[in-house]
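# Report on the structure
Here are the chains, one letter per residue:
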Amino acid sequence: MTFSELVQKRRSFRKYSERPIPREDILKCLEAARLAPSACNSQPWHFIVIDEPELKARIADRIFSGIYSMNKFAKEAPALVAVVSEKMKFLAALGSQVRDTRYFLMDVGIACEHFILQAEELGIGSCWMGWFDEKALKEELKIPKNKKIDIVIALGYPAEDKIVPKIRKSLEEMSSFNKYT
Ligand SMILES: Cc1cc2nc3c(=O)[nH]c(=O)nc-3n(C[C@H](O)[C@H](O)[C@H](O)COP(=O)(O)O)c2cc1C
């Protein structure tokens, strides 16, 4: 599969089969995330793969309930990946302050997309999720309160193969050459 085929093929999957994902393949996804670029090479992320079935079921029940139940589809996913946003290196933190920008979120985003694209290449579907009960997740994983989990990724073999058209802005709308239009 070429890179353009891969990015065409990747989409958010919200129906998964129960088939477990081999650790070997999850490790390949983690390796792709590990190689992601980051501001000042801070690598401000920690990926926690939740694939132990009882733990995963308990966590999914808690973090996708109540106001977060729009994501309850993710209870079917055989694995969830909680991505902890870690501290940046001093220079990146300083740059963030001066520029009033949050480099660590870009860094985490790039690492997650590396992870997800590697998964897609292996035939594993995924869905980014920014809407979940972070407090419950941190309690379950015994993560200190001062840490932040900005993203959870649902991971599993797709249980549907329908082609969903990509709804996107046109090239003209999202880009321009030599001027801002
Ligand atoms: C940062 C981020 C947070 C997202 N959060 C959710 C979410 O909580 N639930 C969900 O179903 N999809 C979520 N998505 C998936 C988007 O809805 C999806 O990527 C977008 O609609 C484009 O569709 P596609 O991924 O199928 O190409 C999120 C995506 C990103 C990048």
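What this report covers is the structure whose coordinates are included nearby. (Residues numbered from 1 in each chain as written. Predicted model: local features only at pLDDT ≥ 70, side-chain atom pairs only at ≥ 80, totals over all residues.)

## Here's the deal with the overall build of the chain
For the record, the criterion: Secondary structure elements follow DSSP: runs of H or I no shorter than four residues count as helices, runs of E no shorter than two count as strands, and numbering proceeds from the N terminus. Only C-alpha atoms enter the radius of gyration, while the globule expectation follows 2.2 Å times N to the 0.38, with N the number of residues. To assign burial, the other C-beta atoms lying within 10 Å of each residue's own C-beta are counted, with C-beta atoms placed from the backbone; 20 or more indicates buried, 12 or fewer indicates exposed, and intermediate counts indicate partly exposed.
Per the secondary structure count, the chain includes seven helices and four strands. Beginning at the N terminus, the succession of helices and strands in the chain can be written as α-α-β-α-β-α-α-β-α-β-α. The C-alpha atoms of the chain give 17 Å as radius of gyration, which agrees with the globular expectation for 181 residues (16 Å, within 12%). A total of 181 residues make up the chain; the buried ones form 27% of that total.

## Section: the nonpolar core
We apply this condition: Under the definition applied here, buried Ala, Val, Leu, Ile, Met, Phe, Trp, Tyr and Cys residues are grouped into a nonpolar core through C-beta atoms within 7 Å. Whether two residues are in contact depends on their C-beta atoms, placed from the backbone: they are in contact if these lie within 7 Å.
Grouped together as the largest cluster of nonpolar side chains are 40 residues, with contacts concentrated most on Leu80, Ala82, Val83, Cys112, Ile153 and Leu155. For this core, the leading source of residues is helix H5 (residues 103-121), giving seven residues. Beyond its immediate chain neighbours, meaning those up to four positions away, Cys112 contacts Ala33, Val83, Trp128, Ile151 and Ile153.

## Here we look at unusual backbone geometry
For Gln43, which is not glycine, the phi torsion reads 50 degrees and is therefore positive. Structurally, Gln43 can be placed in the loop between helix H2 (23-34) and strand S1 (45-50). Looking at Gln43, the number of C-beta atoms within 10 Å reads 20, which means it is buried. In this structure, Asp100 is a non-glycine residue whose phi angle is positive, near 50 degrees. Here Asp100 is to be found in the loop between helix H4 (90-99) and H5.

## Quick look at H4
Burial of H4 is sparse: only zero of the ten residues sit out of reach of the surface. Once H4 ends, the next one or two residues include Asp100, with phi positive near 50 degrees.

## Section: the packing of helix H3 (residues 53-63) against helix H6 (residues 134-141)
Our working definition: Note on definitions: angles span 0 to 180 degrees between N-to-C directions of axes, and those axes are lines fitted to C-alpha atoms, for helices only across the stretch in contact. Each angle receives one of four descriptions, namely roughly parallel if under 35 degrees, roughly antiparallel if over 145, roughly perpendicular if within 65 to 115, and oblique otherwise. Handedness of a helix crossing follows the sense of rotation of the near helix relative to the far helix, less than a right angle counterclockwise being left-handed and clockwise being right-handed.
The N-to-C vectors of H3 and H6 enclose an angle of 155 degrees; their axes lie 8 Å apart at closest approach. One finds that H3 runs roughly antiparallel with respect to H6. In this structure, H3 crosses over H6, and the sense of that crossing is right-handed. Two secondary-structure elements touch here, H3 through Arg58, Ile59, Arg62 and Ile63 and H6 through Ala136, Leu137 and Glu140.

This is a description of form; function is not addressed.
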